Each structure stands twice: as structure tokens, then as C-alpha cells.
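Descriptive structure summary
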Amino acid sequence: MSHELTLQELAEFSANFNADPKNQVIARAAARSGVLEASYNERVAGRLTRVFSTELPTDNVTNQKQSGRCWLFSTLNVLRHDFGAKHKAKNFTLSQSYNFFWDKLERANLFYEKVIETADKPLDDREVRSYFDFAGHDGGQWHMAISLVKKYGVVPSYVMPESFNTSATNGLASALADKERKDALALRRLAQAGDQEGLEKARKTFLNEIYRMVAIAVGEPPKTFDLEYRDDDKNYHLEKNLTPVSFFNKYFDVDLDDYVVLTNAPDHEYGKLYHLGAEDNVEGGSPILFLNVPMEYLEQAAVAQLKDGEAVWFGNDVLRQMDRKTGYLDTDLYKLEDLFDVDLSLSKADRLATGAGEVSHAMTLVGVDEDKGDIRQWKVENSWGDKSGEKGFFVMSHNWFKEYVYEVVVHKKYLTKDQQELLSSTPVELAPWDSLA
């Protein structure tokens, strides 16, 4: 039965509000400073000490600026820490622009493929609409990043530095989205007509045009370069004429296929392997797979990897209970329920199921603080530059980790035997609009 708000009902609401004098005091404070500032809990600072029982050697941070490349920054931060530990060069950084270039090409290629595969479905079909909505986007997943690294390698940041269009991607993203959607209409018509020759010719033409657009905006990636750096002991190193792939294979002692995305998605069945095929970005690359397990397994694996001296990529909902200035991440940071005198609580499963929760950001775990085995807090390397948090590093309470962390990337050796066996099971295919997308 429908319900119409009546004037009598609205008058009752107003009377109830004004019956409590403190509501006016709270309203004045919230109106002047905003609801977050008015509900800020200063006691959090006393708990988040920035002292960690396990901590990786870190110094400088990266800055994704006005872009959605956190997934790529976090992946390359994990790799640069690997390089820094092995070659005693903790401030060495890798180029995000280089892999960003190839992502735009590879993502366009798979977009065109999805368009052709679904050409028999109407444009307002939910699957088709999901692909069109994702055109031109910057967002991504761990497996998307490692697919690019495995195929194209990596280069130092000085070889292909950040530019205006990598630091502020809206202009290029908008142009690519318009271009790809326009191309998609042409590809759909050719596919519907059964013109296979015309389809392949058009696809190649469109991909050539995408290459030109990205090369104009970002610059062409280098084919070879000279590796040159000073290590932490000020020793000079130079190796000439490396390719991006040979550089990765020689200097990074890591098998990317040995890493697993453990997810905690309580709106999905635990003990299952899931595949988000809609967001695979490289044909023949690593599929986007999630092994869904209870939260304690994410905690245990992340701690074990940190204790072995290796950083941890993790996906989270960073805008929840976060203060950018201090770098605090704590479930009690903003006491909004106290401010409004309402119950705002949702379970993790309900947040995912309703869209209130999402994996909106990726960062890097570089430390953890334990007290007799109990986790107190985590050290987080963000990619928002050194003006956020404490010189770019955030501190996260363990309660925040449990509530708002959804994924950690760990070596498969930290999994249980049963979990390792699940990695060879047939994955459940996720819809493009799934809560893990």
C-alpha cells in the first residue's frame, strides 16, 4: 500500500524534533562544521599509535592524483618493495604510466570482444549495459595489474614518468569511453549482419585509433631503457639496454601466478572460487579470481606475509570512517549514530548486498602491530601523496580491517591445504554487476 506524507504527519515530526532542546544545539554544530566534523571522535588518536611490532622498511610514497589507478599503484608498490628489499633500494619506484598505457589498449580490445559476443542482445540488456558502463574506466583489480606486468613487464618511474593525462585521467577516459561506445554500435551492426570480414577489419581499425589516442595523451612506451640507480648504501648501479620484460624477469624474483586474492564477501558462499570474467582486461592473461573465506584467514595470511618481509595488496572501502588529513581508519572515527540518534549499522553482508559497501580502493599493507597474538592496528601505504596521513602512510584499526577490507593478495603458501585445493576447482562465474565487481 502506498503512503503519502500528510501535513499533519510532517507537523508531528517537527514537534518531535523540537521537543528535545539538544537537537537545536546539535543542528547548529552540524550545519556549521558538517556532520563528519561534528561527529569526529578525538579519542581514536589515543588508540592508533603508529608504532608497529612488524614493519617493512619504507620511506617515500606514490601519488595517483586525479585518477582511478589505485589497483595499479598498489600492485607496483608491492613489486617495488620486493625490488627494494632484494637490491637495497627502498626508494626505488616503478612507472604507473607505462602499464596504464597498455591497460587502455588491452581493455579496449576485450571491450570490443564482449560487444561482439553480446551483439544479439538488446542495448538495454543488463549485461550489455554493464560493459558499456565500464568503457574508458580507470578502475581495476589485482589480476588486471599482474596480467599487464606478465605481458609487458615494468620500467622505472624515470623511464616513463607521470604526465598531465595520467595524473588527471578524466579527459582521456571520457574521450575513450565515447570512442569505444561509438565503435561498439558499428561492431554490433556488423556482427548482426554476419559480416565477419568487415568485423575484423573494423576491429583492427578501431584498435589502431585507440593506440593513437593513448599515445597522443600519454606518450609511447619505451622498448628499451638503461637501469640506473643508487642503493641505500650510495653504491651506483647501471645496466644498459634492458627491455621492460627482461628487467622484470631479471630483477624481480617473484612468480605472480603464486599469488591469490583471498576475499571476505559474506554475501557469497564461503569455500568457493569465483571468477569475474566481465573485468578480465588481457586476452590470455590472468583471470580475475577470488577465493572467498572467513575473515580470520585474511588476517592470518596477511600477518604471515608481512612477517616474512613482503608487502600485501588489499582491496577496501576507503571512504568509510576515514580521515584523509590524519590518515586514521577506525570504525569509531565518526560517531554519526550518536549525532543523529539513529541506528545506522549494517552487517558486512548487508552492505555488499545493498550496494552500501564496495571495494572502492586498493592500498598496501606494510606493517602490523600485535599484542600477544592479538592484532591491534595496521600500517598502510596509500597512493595519495605525502600530504595525506603521516607522510602518506595511514594507520588502520583492526576493527576497520574486519569491517571494510574485502580482499588481500597473498602467496598461496599461506593458505590451508583445503584452500589450496580449491584453487584448482571450477570457479563460479560472477555477473558483471556482482557486489565484488
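Here goes a summary of the coordinates provided. Everything quoted here is computed from the prediction, not taken from an experiment. (Residues numbered from 1 in each chain as written. Predicted model: local features only at pLDDT ≥ 70, side-chain atom pairs only at ≥ 80, totals over all residues. Heavy atoms only, no water.)

**A look at the overall build of the protein**
Note the cut-off: Runs of H or I in DSSP of at least four residues are treated as helices and runs of E of at least two as strands, each being numbered from the N terminus. For a compact globule the rule gives 2.2 Å times the number of residues to the power 0.38, and the radius of gyration it is set against comes from C-alpha atoms. The rule is simple: take the accessible area with a 1.4 Å probe, protein chains only, and divide by the maximum for that residue type; under 20% is buried, over 50% is exposed, in between is partly exposed. In what follows, a contact means two residues having at least one pair of non-hydrogen atoms within 4.5 Å.
Secondary structure summary: the protein contains 17 helices and 14 strands in total. In terms of C-alpha radius of gyration, the protein reaches 24 Å, essentially the compact-globule figure of 22 Å for 437 residues. Taken along its principal axes, the extent of the C-alpha atoms in the protein is 75 × 65 × 45 Å. Scored against the burial criterion, the 437 residues of the protein give a buried share of 50%. Once local pairs closer than 6 in sequence are excluded, the contacts in the protein between residues at least 24 apart make up 76%.

**Considering the pairing of strand β12 (residues 393–397)**
As a reminder of what qualifies: Any two strands with at least two DSSP-identified bridges between them are counted as paired.
Of all five residues in β12, five are buried; the element is thus mostly enclosed. Judged by which residues are buried, β12 turns out to be covered on both faces: F393, V395 and S397 on one side and F394 and M396 on the other are all buried. As defined by bridge partners, strand β9 (residues 328–329) adjoins β12 across two bridges and the pair is classed as parallel. Looking at β12, one finds that Y328 is bridged to V395. Looking at chain direction, strand β11 (residues 374–381) and β12 are connected through five bridges and run antiparallel.

**Quick notes on the nonpolar core**
Applied cut-off: Each nonpolar core is a collection of buried residues, namely Ala, Val, Leu, Ile, Met, Phe, Trp, Tyr and Cys, held together in the definition by side-chain atoms within 4.5 Å.
Within the largest apolar cluster, 112 residues are counted, with the highest numbers of intra-cluster contacts made by F247, F252, L262, L365, W378 and M396. A total of 10 residues in this core trace back to one element, the largest contributor, which is helix α6 (residues 96–117). With nine residues, the next largest nonpolar core counts L48, Y328, L339 and V395 among its residues.

**Brief notes about the packing of helix α5 (residues 70–87) against α6**
Two numbers describe a pair of packed helices, the interaxial angle and the distance between the axes. The condition is simple: All axes are obtained by fitting lines to C-alpha atoms, using only the stretch in contact for helices, and the reported angles, taken between N-to-C directions, cover 0 to 180 degrees. Orientation labels follow simple angle bins: below 35 degrees gives roughly parallel, above 145 gives roughly antiparallel, 65 to 115 gives roughly perpendicular, and whatever is left gives oblique. Crossing handedness is read from the near helix: turned anticlockwise from the far helix by less than a right angle, it gives a left-handed crossing, and turned clockwise, a right-handed one. When residues are sorted by character, Ala, Val, Leu, Ile, Met, Phe, Trp, Tyr, Cys and Pro go into the nonpolar class, Asp, Glu, Lys and Arg into the charged class, and all the rest, Gly among them, into the polar class.
α6 packs onto α5 with a crossing angle of 130° between their chain directions and a minimal axis gap of 11 Å. As judged from the angle between their axes, α5 and α6 are oblique. The handedness of the crossing between α5 and α6 is right-handed. Taken together, the residues of α6 that come into contact with α5 (itself represented by W71, L72, F73 and L76) are Q96, N99, F100, D103 and R107. Broken down by class, the residue content of the contact of α5 with α6 amounts to five nonpolar, two polar and two charged.

**Considering the pairing of strand β10 (residues 361–371)**
In terms of burial, β10 is largely enclosed, as nine of its 11 residues are buried. Bridging between strand β1 (residues 54–55) and β10 involves two bridges; their strand directions are antiparallel. By the bridge assignment, E55 is partnered in β10 with G367. Bridging between strand β7 (residues 312–316) and β10 involves five bridges; their strand directions are antiparallel.

**Remarks on the environment of K90**
Of note, K90 is situated in the loop between α5 and α6. Judged by relative accessible area, which is 29%, K90 ranks as partly exposed. Along the backbone, K90 and K150 are 60 residues apart, and their C-alpha atoms lie at a distance of 23 Å. With near-sequence residues (within four places) excluded, K90 lies in contact with P57, T58, D59, N60, R80, G84 and D232.

**Considerations on the side chain of D280**
Spelled out, the test is: In this tally, Asp and Glu contribute negative charge and Lys and Arg positive charge; neither His nor the terminal groups of the chain are included. Think of a salt bridge as a Lys or Arg side-chain nitrogen and an Asp or Glu carboxyl oxygen that are within 4 Å of each other. Whenever two N or O atoms come within 3.5 Å, that pair is a polar contact, provided that in protein one can donate a hydrogen and the other can accept it, and provided that, for residues adjacent in sequence, both atoms are side-chain atoms.
For D280, the location among the structural elements is in the loop between β5 (272–275) and β6 (289–292). Of the side chains bearing the opposite charge, K114 lies closest to the buried D280, which forms no salt bridge; the N-O distance is 6.1 Å. Separated by 2.8 Å, the side chains of D280 and H275 make a polar contact. One polar contact links the side chain of D280 to the main-chain amide nitrogen of I288, over a distance of 2.9 Å.

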